[in-house]
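Inside the fold
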Amino acid sequence: MSDTKKRILSGMRPTGKLHIGHLVGALENWVALQDRYQNFHLIADYHALTTNLDTTELYQNSLDMVIDWLAAGIDPAKSPVFRQSQVKEHTELHLIFSMLVTTARLERNPTLKDQVRDLNMETLVYGHLGYPVLQAADILLYKGEVVPVGEDQVPHIEITREIARRFNNQWGEVFPEPEPKLTKFARLAGLDGGQKMSKSLGNTILLSDTPEEIQKKMRTAVTDTQKVRKNDPGRPDVCVVFSYHQKFNPAEVPEIRRDCESGALGCVACKLNCSAKVAAVLAPVRERRAALEADMDHVLDVLRTGEAAARAEAARTMEQVREAMKVGAVKTESINVR
Ligand code: TRP
């Protein structure tokens, strides 16, 4: 790991097996950036507790996510992969940072407001209010300068910058002010035509799905509802399947647009073609996934190594923090004995 490269801290909450929305929205970007930057890949397992206290699946979900990361091309030799819960400095720095941000600031967080609305939450636990404070600790423990995220996470990076600034003003320059790096591709629509692909909505195609499963799911995808019969002219721009063609089958996009609009192409054939293209893109990922699942020792080793590297880095930063704050070990010569 070269010290001259800029630092990236990227993270996801362990929601289990990943879907093509994760691949397009985040993972492809992480893989593309891993040579130019020094990257730390965080599994935010403590963050998962903010909205769900059931921990029975947490470990398995974390492993499933690691497998998908590696299958998608994350190289653990370049970039440590680790669980937040295994590096205790996250909780330490979180505590210190919690003194540097007002509750009013956290209550104004638009991402939190959206979550409260979407999940129909009537009450909010203290830890959920502090979600961005823990995220700030995640990023700044590794002195992350760049954070690849989706639009919804930008407010959290802004809070991270404010906390870094506040710390540096109070105790001296320790932290960078990280920048968000938005992913190029807009989020992939769900099969149901919804804005967002999400496992809880059941509108996803998983990286681990077989070609048959992909075909079956694709059959349920929402197309132009005005195209009722096969030879009715369609409107590709309102069709979910067409949006997948744009991502997974760019070469045929002009032809598909033309034939859909003229009525020459029916939805059944179009979906079959799209399923085949998605399956082809996922084939190598699925193959690597199967190999990893058959070699769990290797996967656990990736975590062990990644967690050791993360711990070393986190310990270094915490030493600087304690030194700056003068809450480090007491040096005998500095004690004033009268
Ligand atoms: N909040 C992020 C999400 O829900 C996950 C996350 C936790 C994260 N810590 C992070 C992302 C640090 C980037 C950096 O997607």
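For the structure itself, look to the data block above.
Anyway, here's the lowdown on the structure attached to this text. Given the structure is predicted, the values throughout are model-derived calculations rather than measurements. (Residues numbered from 1 in each chain as written. Predicted model: local features only at pLDDT ≥ 70, side-chain atom pairs only at ≥ 80, totals over all residues. Heavy atoms only, no water.)

1. A closer look at the pattern of salt bridges
The line we're drawing: We count a salt bridge whenever a side-chain nitrogen from Lys or Arg sits within 4 Å of a carboxyl oxygen from Asp or Glu. Numbering of helices and strands runs from the N terminus; a helix is a DSSP stretch of H or I covering at least four residues, while a strand is a stretch of E covering at least two. Think of it in three bands: with a 1.4 Å probe and only protein chains considered, a residue is buried below 20% of the maximum accessible area for its type, exposed above 50%, and partly exposed in between.
Enumeration according to the criterion identifies 24 salt bridges in this entry. Across the pair glutamate 177 and arginine 165 runs a salt bridge whose closest N-O atoms are separated by 3.2 Å. Of this pair, glutamate 177 sits in the loop between helix H9 (154-171) and strand S5 (179-182) while arginine 165 is found in helix H9, placing the two residues 12 residues apart along the sequence. Here arginine 165 falls in the partly exposed class, since its relative accessible area comes to 35%. Arginine 316 is the partner of glutamate 313 in a salt bridge, and the nearest nitrogen-oxygen pair spans 2.7 Å. Placement of the pair is glutamate 313 and arginine 316 together in helix H14 (residues 296-325), with a separation of 3 residues, close to one helical turn.

2. Regarding the pairing of strand S2 (residues 38-43)
Keep this limit in mind: In this analysis, strands are considered paired if DSSP registers two or more bridges between them. When the strands point away from the viewer and the path from the first strand over the helix to the second turns clockwise, the crossover is right-handed.
Across the 6 residues that make up S2, a large majority, 6, are buried. Burial along S2 is two-sided: the residues Gln38, Phe40 and Leu42 and Asn39, His41 and Ile43 are all buried. Pairing between strand S1 (residues 7-12) and S2: 6 bridges, direction parallel. When the sheet's bridge partners are listed, serine 10 is paired in S2 with histidine 41. Taking the sense of rotation as the criterion, the β-α-β connection linking S1, helix H1 (residues 20-33) and S2 turns out right-handed. The pairing of S2 with strand S3 (residues 81-83) spans 3 bridges and is classified as parallel. Within the sheet, the bridge partner assigned to histidine 41 lies in S3 and is valine 81.

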